Number of protein chains: 4
Amino acid sequence: MLRVALLGAGRIGQVHARSITESGEAELAWVCDPVETAASTLAGRYGAKWSPEPGDAIEDASVDAVLIASATATHTDLIRASVLAGRKVLCEKPIDLDMARIDACWADIAGKAPFVMLGFNRRFDPTFREVNERVKAGEIGPIRALRVTSRDPQPPPGAYLAVSGGMFRDMTIHDFDMARFFLGQIVEVSAVASHNNDPVFVAAGDHAQAIVTMRNTDGALCTIVNSRSCAYGYDQRLEAFGDLGSLEAGNLTATAVRAFNAKETEAAGPVLNFFLERYLPAYKAEFAEFLAAIREDREPSVGFADGRAALVLAEAAIESVATGRVVPVTGG
Amino acid sequence: MLRVALLGAGRIGQVHARSITESGEAELAWVCDPVETAASTLAGRYGAKWSPEPGDAIEDASVDAVLIASATATHTDLIRASVLAGRKVLCEKPIDLDMARIDACWADIAGKAPFVMLGFNRRFDPTFREVNERVKAGEIGPIRALRVTSRDPQPPPGAYLAVSGGMFRDMTIHDFDMARFFLGQIVEVSAVASHNNDPVFVAAGDHAQAIVTMRNTDGALCTIVNSRSCAYGYDQRLEAFGDLGSLEAGNLTATAVRAFNAKETEAAGPVLNFFLERYLPAYKAEFAEFLAAIREDREPSVGFADGRAALVLAEAAIESVATGRVVPVTGG
Amino acid sequence: MLRVALLGAGRIGQVHARSITESGEAELAWVCDPVETAASTLAGRYGAKWSPEPGDAIEDASVDAVLIASATATHTDLIRASVLAGRKVLCEKPIDLDMARIDACWADIAGKAPFVMLGFNRRFDPTFREVNERVKAGEIGPIRALRVTSRDPQPPPGAYLAVSGGMFRDMTIHDFDMARFFLGQIVEVSAVASHNNDPVFVAAGDHAQAIVTMRNTDGALCTIVNSRSCAYGYDQRLEAFGDLGSLEAGNLTATAVRAFNAKETEAAGPVLNFFLERYLPAYKAEFAEFLAAIREDREPSVGFADGRAALVLAEAAIESVATGRVVPVTGG
Amino acid sequence: MLRVALLGAGRIGQVHARSITESGEAELAWVCDPVETAASTLAGRYGAKWSPEPGDAIEDASVDAVLIASATATHTDLIRASVLAGRKVLCEKPIDLDMARIDACWADIAGKAPFVMLGFNRRFDPTFREVNERVKAGEIGPIRALRVTSRDPQPPPGAYLAVSGGMFRDMTIHDFDMARFFLGQIVEVSAVASHNNDPVFVAAGDHAQAIVTMRNTDGALCTIVNSRSCAYGYDQRLEAFGDLGSLEAGNLTATAVRAFNAKETEAAGPVLNFFLERYLPAYKAEFAEFLAAIREDREPSVGFADGRAALVLAEAAIESVATGRVVPVTGG
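Keep in mind that what you see is a predicted model, and the values were worked out from it rather than measured.

## Brief notes about the environment of Pro126(D)
Residue position: Pro126(D) is located in helix H6 (residues 126–136). Here the alpha-carbon distance between Pro126(D) and Asp56(D), two residues 70 residues apart in the chain, equals 36 Å. Excluding anything up to four places from it in sequence, Pro126(D) contacts Thr255(B) and Pro281(D).

## Here we look at the relation of the copies chain C and chain B
Overlaying chain C with chain B gives an RMSD of 0.0 Å, the required rotation being 180 degrees about an axis along which the chain moves by 0.0 Å. Each copy turns onto its partner about a two-fold axis. Taking the C-alpha atom as reference, chain C places Arg325(C) closest to the rotation axis, 2.2 Å from it. When the interface residues of chain C are mapped onto chain B, 100% of them are again interface residues, pointing to one common binding face.

## Observations concerning the interface of chain C and chain B
Of the residues lining the interface, 41 residues belong to chain C; the matching set on chain B comes to 41 residues. A combined buried area of about 3000 Å² lies between chain C and chain B, and 48% of that area is made up of carbon and sulfur atoms. Between Arg237(B) and Glu248(C) there is a salt bridge whose closest N-O contact spans 2.9 Å. Taken together, the connections running from chain C to chain B amount to 18 residue pairs in polar contact (both at pLDDT 80 or more). For the side of chain C that touches chain B, the secondary structure elements donating two or more residues are strand E7 (143–151), strand E8 (186–194), strand E9 (209–216), strand E10 (221–227), strand E11 (235–242) and strand E12 (245–249) of chain C. Its residues assigned to classes, the side of chain C that touches chain B shows 15 nonpolar, 15 polar and 11 charged.

## Some thoughts on the side chain of Asp33(B)
All names here are of chain B. Within the element layout of this structure, aspartate 33 appears in the loop between strand E2 (26–32) and helix H2 (36–46). Put simply, aspartate 33 is tucked away with no salt bridge, and the nearest opposite charge, on arginine 11, sits 12 Å away. Every residue in contact with aspartate 33, bar those within four places of it in the chain, is listed here: Gly8, Ala9, Gly10, Ala38, Ala39, Ser51 and Pro52.

## Section: the domain arrangement of chain A
Residue and element names in this part refer to chain A. In terms of domain boundaries, chain A breaks down into domain 1 (2–114) and domain 2 (123–273 + 304–328). Between the C-alpha centres of domain 1 and domain 2 the distance comes to 28 Å. Here domain 1 meets domain 2 over a buried area of about 1000 Å², counting both sides, of which 75% is carbon and sulfur. Considering only the surface of domain 1 that becomes buried against domain 2, Lys93, Leu97 and Met99 emerge as the three largest contributors, covering 54% of it. In this structure, arginine 308 engages aspartate 103 in a salt bridge whose closest nitrogen and oxygen atoms are separated by 2.6 Å. At the boundary of domain 1 and domain 2, one finds three residue pairs in polar contact (both at pLDDT 80 or more). It is helix H5 (residues 99–109) that contributes the most residues to the side of domain 1 that touches domain 2, six residues altogether. Its residues assigned to classes, the side of domain 1 that touches domain 2 shows nine nonpolar, no polar and four charged.

## As for the sheet that holds E11(C)
With respect to topology, eight strands assemble into an open sheet ordered E13(A)-E12(C)-E11(C)-E7(C)-E10(C)-E9(C)-E8(C)-E14(C), the strand pairing being mixed. The open sheet terminates on both sides in strands that have one partner only, identified here as strand E13 (257–261) of chain A together with strand E14 (327–328) of chain C. Where E7(C) meets E11(C), eight bridges bridge the pair, whose relative direction is antiparallel. Opposite Val148(C), over in E11(C), you have Leu238(C) as the bridge partner. The strands touched by helix H6 (residues 126–136) of chain C are E13 of chain A together with E7, E11 and E12 of chain C; relative to E12(C), the strand with the most contacts, the crossing angle is about 165 degrees.

Rules used throughout
- Residues numbered from 1 in each chain as written.
- Chains lettered and ligands numbered in written order.
- Predicted model: local features only at pLDDT ≥ 70, side-chain atom pairs only at ≥ 80, totals over all residues.
- Heavy atoms only, no water.
- Helix = DSSP H or I, 4+ residues; strand = E, 2+ residues; numbered from the N terminus.
- Contact = heavy atoms within 4.5 Å.
- Least-squares fit on C-alpha atoms with pLDDT ≥ 70 in both.
- Buried area = accessible area lost by both parts, 1.4 Å probe.
- Salt bridge = Lys/Arg side-chain N within 4 Å of Asp/Glu carboxyl O.
- Polar contact = N/O pair within 3.5 Å; in protein donor to acceptor, adjacent residues only side chain to side chain.
- Nonpolar A, V, L, I, M, F, W, Y, C, P; charged D, E, K, R; others polar.
- Buried < 20%, exposed > 50% of the residue type's maximum accessible area, 1.4 Å probe, protein only.
- Lys, Arg positive; Asp, Glu negative; His and termini not counted.
- Domains from an automatic or database assignment.
- Pairing = 2+ DSSP bridges.
- Axes fitted to C-alpha atoms, helices over the stretch in contact; angles between N-to-C directions.

If you want it as structure tokens, here you go:
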């Protein structure tokens, strides 16, 4: 059994705690969170130790792995400490909002044969994953275009907006990774955005919606369509288009009911509205990959470099919005 | 150009008049209808002669073919007269509501090498036809079960009910033919029906809905689900189920719009609500088959015997409802 | 925590063991199975006691409830023993294949204020349940017709067929209960069946497919379409049709991928192929209802009488196939 | 009856000839085409006069209207001549590939109360039209984003590419108009394109695919996704996204058949593959609008200015691809 220390006992931390204990191959050894009641409650549920201090867990010699689900600003410090203590790491996205801190972290750990997996959960969503595998198996021939639709049901609170790093670093970061998952290396980014005249976004200097266009090394194009709100739920779709056809990943609904009446036919229910509900199987599969990579003594399928690359694309999108220019990228 | 006399200038007659003139291979020579203004108006639109007397057209030596779209009670007389005058005949369903009259008609014409096509338009509907062709090409392996859903948007007026011959002879007759189109010879019929406590149907001694179950010579089963009313439009579907899979014929909507909102997603519009709208392409294709059979000097793909066989099944369903027994049939 | 004894450590028993332990309100106290390794393995996984003898668990005074997932022939004896010992019971369907044994069991327990829930899992499937709730909320007006499509992916082995009690008692039993879930009391049953010329079914005197038609006290009609095999997976659908519209429960697929190529568009994957996969959430919800009824000190929503009524309908269907007659039923 | 002169007897001209004669309110008076057999054949079919010289028809005093379906390079001259002769004009898109010629044409006719309708047929497609009407009726609230997917089944021949004016002027021109149909005035355009390493497009200096992003005066965003080829047919979709939901216009298939087998379920056929087949109802409705505007003595719903504005957007897209910059536009 892999002994895992969980850093962060919030919403996402609770999901990870469940994945760990249900995996059958790992046990929850520690829960750390500065909010002591959060840490102790979650730890109590699974018979784990707890502490407000992540160092207590990281330094515990019986701990094999550290799962970092704490506030973004703490990620690089915790990665560094965990790797230097010899732990395997699974870290929630993003690594950080600041490239310099990411690079400094890497400089400190690069020589330590770091095992750092990044929590880009959507790569493990069964629907997106199936599309990716079928694309890679050649079903649609050479991929020419990728379209990612990613709309949140409701915008985050204004207070969160202020510290989020902005839409591209906070929300689109998932879609940048999805683009790389399908298209590999990105060489060019352009983006437009709109605040929809919404005073919350105007005040925050942030965007209510955005469209990002990218190109990879083969000339394949990608469109990301983002919105901070969506009346019909959490809209998470993509289309991979190739010479032989296309594969679409549709939304998920709670049931398979369809209604027919005098006004309409085949009406399905709203799409799953909450990211934990929508991506629950993805979180489980993500942790399974973490276990598999450790068991097979190989690199995880998505790592530190992927986390950095997604931020490279976010920075390019920010620059493109600011300058109105296509931005060439390296390392994206 | 085939010179066609159209008997009956009602709703269906007008559809046929258009099919004739748009076919490019036929011209409308006569329109006959006891309602003189109906006959003269329709004839005038296409430059045809008209008469209240069908005999005027049937006896016109320049007429090649007669299309019978008059009241059901007149069908056998008009078929007989037309065949004896040497005309090709396309007759709307049903041949008649009375088996004895059908058989008497056939006795009179059988020796005259009659060319009589029956207007079972649904055999020519592009969607049903594609399913039939793919089934016959072996796509689903041996067919084991057929399911026909056939619901009218609104019930006919009570006055029509009284002379309609009842649901099975009037409405289900199409579905009986569809069963034979897919399953060939039927050997057994059972039926249950309900008036839904609706006083109109109770008064008419007729049914608001019915379910018919049939078996063919290979042991394949068929279910027909009928309703006299349907809130979401004219529900016309079928499913052919075989060892290798199934093929479903779905409903048609006016456009390909889908709506997404806080209450529902992927909501299409109501299905096409009127039989002339739903089956317009079928009526055109039916007339094209009439022309093709004449041109190729062969029997039409659906003829007098098919019209009789559908009535055999209707009579069996009526008997089954009355007796509560499965009814063996011959000639169905 | 409710202490539960699980009788039967087979496929279904394992699903129930998981529902029990994941419920958060119950614990697995005992696992009993005549196959000792099965009992001990499953018990070991959850820290429960085990025995080849169900009596050991039933008589343990610390046991609150008994979940019967053993062979059908043992159900009535185990229900009787459990009720007489004062335990709450959740019993897998069917109660028994023989009406006399069912009635004898009831005669013995009726005076003991028995708490017996029947495991008609499909009532707890989220899709079917939503349709049922929306029907009962009046969304489609008075229900006029119910259509249940229920096809197994592959037929059971011949050896199972021989002891199964036949298709109606073994497979259709679920659909009979579904009919009652939507339509209440059934007053009339007719059925036709076919062995599809398949020597396995001919030899077993059983059916490869069947169609059952029923009527309830309001004149609403129901069709059940059954097949022992289905190329595209476990086909589990229904349609509730009423004066104001209809609600359809569709099949479930593993992912939301759709494929588009030169031959076809919008192609989804096969439907979930295995009943445990398809109905996993239903089993969990079923156990949750068991817990809720106990907690709220009320009768379970589906009980002994429902198990008996489903068998009444199965017997009527068997009689209808044998006699070719509509069979009136009481207690269905 | 409106007497119409048709200039151009090619593929599109033939479609218009049929719309004219089937309208019931117009007759085909002339067919002109430099290819004399084309002109005479088409004219012969409808009993019209013909000439290789468009002037013969335009100058015929009995002609009320001129429908210009000739080569693009002739459009402005024919518009000018027709307007100056006092004829109503329906002109196929685009007006011209050169803005100076368009403006010169307008300068010559502006004072003559010109009646010039532009043939942006997609505005009259029943599906797109329904979405537009529902958006304008407020169903989705303020529109925030429009997504247009427009993919041709196969690329045009290289010879056509050379004179087409390039993808944006030739193909995307329809989508630019669709953007304006939904979003009104466009103020900003950016575009990226790819030749997919296809030597035909490399040689022609043209694009195999492109993505155009635009913004309107309210900050609503639009994405156009174009491809010169599409394995599954003529992909013509759009999504209008607003605060209260979205409306999607889907593709059309020839029939409503869905296939289910061991590999897949709900597989529809390929989408309608040919623009004349896909947009046949749109061409009819377009001509009906031409007639209605004349009958009601009002401006047509889409006119010369719309044709010019679409080219403004095409020019901006070309500039954006060349410069890598967002291009502000006026008059778009």
